[in-house]
Amino acid sequence: MSSSIPHFLRLADVPPQALEALIQRAIVLKQAPEPTHRPLTGQTLAMVFAKSSTRTRVSFEAAMAQLGGHAIFLSPRDTQLGRGEPVEDTARVLSSMCNAIMVRNDSQAQQEAMAAVSSVPVINALSEQCHPCQLLADIQTIVEHRGSVRGVTVAWVGDGNNVCHSWLEAARVFDFQLRVATPEGFEPDAAWLDVAGDCAQLVRAPAQAVEGAQVVVTDVWASMGQEAEQEARTAAFAGYCVDNALMRRAAADAIFLHCLPAHRGEEVTADVIDGPQSRVWQEAENRLHAQKALLEALLAPPGTAGAVTLDG
């Protein structure tokens, strides 16, 4: 990747102390929005979407607008990527016209290829490997609830997917314990388990993962692109639904998180996601504030009051 350009392709791209500062900055921006704080005036974010989105698109677009900048939505239908242009060529062109590039697709390798030739920061807004922007909002939500995430026990129940991978990386970065409960054959990639090291434990039984946990997290059983596997996955994940009986095994003050969209009655029951322990709406809103902190850190002029320095 471009050695002099700060990219955000995974949590490990940023030193732990800078990530913690980003979380605190997001909380400040949320608590005390300043209409006159517009450090990104005149700057443009190119948003390259190969996968559909609600929270990602709105949070990045709103974040740029609130910080004084502008965002351009680009889908394969709107660009030459849909006609086979190499991603490196697209990155060179976009980085000559825009101040940052946000990418949401199914290829971490393509994002890394774009970052290698881009003259501006490239942000991973989701790949098949990980979802670091989601984890910024998730960690912010936990910190708002508990004051800190250090030493907390988090239970992941369900598919060992890209969001689970970022939870594994976050466990190491933010120093908490993660228990991952998945059916056989749906485990997270071994490389991401290795990243977490002794901060993570892989189990089969959801009850074992949730026992005493302060945070319970799940996601859909079939992600975008896996719709044809829905029936088989539904059968494989029988018993992995987060319901009130499972939540009662967690700590009394445990919270429930889900990156959304959710399928009530599948990976979570309605009485959990809509219940008093759920923080999913706060979590969803925090995508905006976490993105503002990240964009400010990547793009604000040196000396901008409050902005985080990503090199730690």
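A. Quick peek at the sheet that holds strand S2 (residues 70-74). Overall, parallel pairing links the four strands, which are arranged S2-S1-S3-S4 in an open sheet. Edge positions in the open sheet fall to S2 and strand S4 (122-124), since each of these has one partner strand only. Between one strand axis and the next, the sheet turns by 20° as a mean value, whatever way the strands run. The strands touched by helix H2 (residues 55-66) within the sheet are strand S1 (44-49), S2, strand S3 (100-104) and S4, with S1 carrying the most contacts at an inclination of about 170°.

B. Spotlight on the side chain of Asp219. Its location among the elements puts Asp219 in the loop between strand S8 (215-218) and helix H9 (230-236). One buried charged residue, Asp219, forms no salt bridge at all, with the nearest opposite charge on Arg55 at 8.8 Å. Residues contacting Asp219, with those up to four places away along its chain left out, are Trp156, Val157, Asn161, Val163, His258, Cys259 and Glu267.

C. Quick peek at the packing of helix H5 (residues 132-146) against helix H12 (residues 280-299). The geometry of H5 relative to H12 is characterised by a closest axis approach of 8 Å and an angle of 115° between their N-to-C directions. Between H5 and H12, the angle is such that the two are roughly perpendicular. In this structure, the crossing between H5 and H12 has a hand that is right-handed. On H12, the residues touching Cys133, Gln134, Leu136, Ala137, Asp138, Gln140, Thr141 and Glu144 of H5 are Gln282, Glu283, Asn286, Arg287, His289, Ala290, Gln291 and Leu294. Per-class residue counts for the contact of H5 with H12 are five nonpolar, seven polar and four charged.

D. Spotlight on the sheet that holds strand S7 (residues 200-203). Read from one edge to the other, the open sheet built from five strands follows the order S7-S6-S5-S8-S9, with strand pairing classed as parallel. The open sheet has two free edges, formed respectively by S7 and strand S9 (255-258), since each of these has just one partner strand. In this sheet, adjacent strand axes meet at a mean angle of 20° when their direction is disregarded. Alignment of strand S5 (residues 153-157) against S8, held across four bridges, turns out to be parallel. Within the sheet, the bridge partner assigned to Val157 lies in S8 and is Thr218. Together, S8 and S9 form the strand contacts of H5, whose direction differs from that of S9 by roughly 165°. Contacting S5, strand S6 (177-181), S7, S8 and S9, helix H6 (residues 162-174) crosses the sheet at an angle of about 155° to S6.

E. Representation of H12. For H12, which comprises 20 residues, the first-to-last C-alpha distance of 29 Å matches the rise-based estimate of 28 Å (1.5 Å per residue) to within 8%. Where H12 bends most, at Asn286, the angle is about 30°. Of all the 20 residues making up H12, 16 are buried; the element is thus mostly covered by neighbouring parts of the structure.

F. Region of the structure containing the packing of aromatic side chains. Following the criterion strictly, the structure yields five aromatic pairs and no others. When the ring of Phe49 is compared with that of Phe73, the centres are 5.1 Å apart and the planes differ by 35°; the resulting orientation is tilted. One end of the pair, Phe49, is in strand S1; the other, Phe73, is in strand S2, and 24 residues separate them in sequence. Summarising the aromatic geometry, the rings of Trp221 and Phe237 are spaced 5.6 Å apart at their centres and angled 10° between planes, so their arrangement reads as stacked. Of this pair, Trp221 sits in the loop between S8 and H9 while Phe237 sits in the loop between H9 and helix H10 (244-247), and the two are 16 residues apart along the sequence. For the pair formed by Trp221 and Phe237, the shared burial category is buried. Pairwise contacts between aromatic rings join Phe186, Trp221, Phe237 and Tyr240 into one cluster. The ring of Phe73 has Arg57 lying over it, and the distance from NZ or CZ to the ring centre is 3.9 Å.

G. Geometry of the packing of H2 against H12. Interhelical geometry of H2 versus H12 gives an angle of 50° and a closest axis separation of 8 Å. Between H2 and H12, the crossing angle belongs to the class labelled oblique. Remark: the crossing between H2 and H12 carries right-handed chirality. Contacts between H2 and H12 involve Arg55, Thr56, Ser59, Phe60, Ala62, Ala63, Met64 and Gln66 on the former and, on the latter, Ala284, Arg287, Leu288, Gln291, Lys292 and Leu295. Tallied by class, the residues present in the contact of H2 with H12 amount to seven nonpolar, four polar and three charged.

H. The arrangement of helix H4 (residues 108-117) in detail. Along H4, the residues that are buried comprise Gln108, Gln111, Ala113, Met114 and Ala115. Tucked into the core, H4 has its buried residues touching helix H3 (87-97), S3 and S4.

I. Seen up close, the pattern of salt bridges. Under the criterion given, the structure shown has 14 salt bridges. Residue Arg233 pairs with Glu229 through a salt bridge whose shortest N-O separation is 2.8 Å. Three or more residues joined by partner-sharing salt bridges are found here, namely Glu20, Arg150 and Asp175.

J. Quick look at the pairing of S2. Relative to S2, S1 is paired through five bridges, and the arrangement is parallel. Residue pairing in the sheet places Leu45 in a bridge with Ala71 of S2. On the question of chirality, the crossover connecting S1 to the parallel S2 by way of H2 is right-handed.

About the criteria used
Residues numbered from 1 in each chain as written. Predicted model: local features only at pLDDT ≥ 70, side-chain atom pairs only at ≥ 80, totals over all residues. Heavy atoms only, no water. Pairing = 2+ DSSP bridges. Helix = DSSP H or I, 4+ residues; strand = E, 2+ residues; numbered from the N terminus. Axes fitted to C-alpha atoms, helices over the stretch in contact; angles between N-to-C directions. Contact = heavy atoms within 4.5 Å. Buried < 20%, exposed > 50% of the residue type's maximum accessible area, 1.4 Å probe, protein only. Lys, Arg positive; Asp, Glu negative; His and termini not counted. Salt bridge = Lys/Arg side-chain N within 4 Å of Asp/Glu carboxyl O. Parallel < 35°, antiparallel > 145°, perpendicular 65-115°, else oblique. Left-handed = near helix turned anticlockwise from the far one by under 90°. Nonpolar A, V, L, I, M, F, W, Y, C, P; charged D, E, K, R; others polar. Expected span 1.5 Å × (residues − 1). Bend = angle between axes of the 7 residues up to and from the residue. Phe/Tyr/Trp six-rings, centres within 6.5 Å; stacked < 30°, edge-to-face > 60°. Lys NZ or Arg CZ within 6 Å of the ring centre and 35° of its normal. Right-handed = clockwise from strand over helix to strand, strands pointing away.

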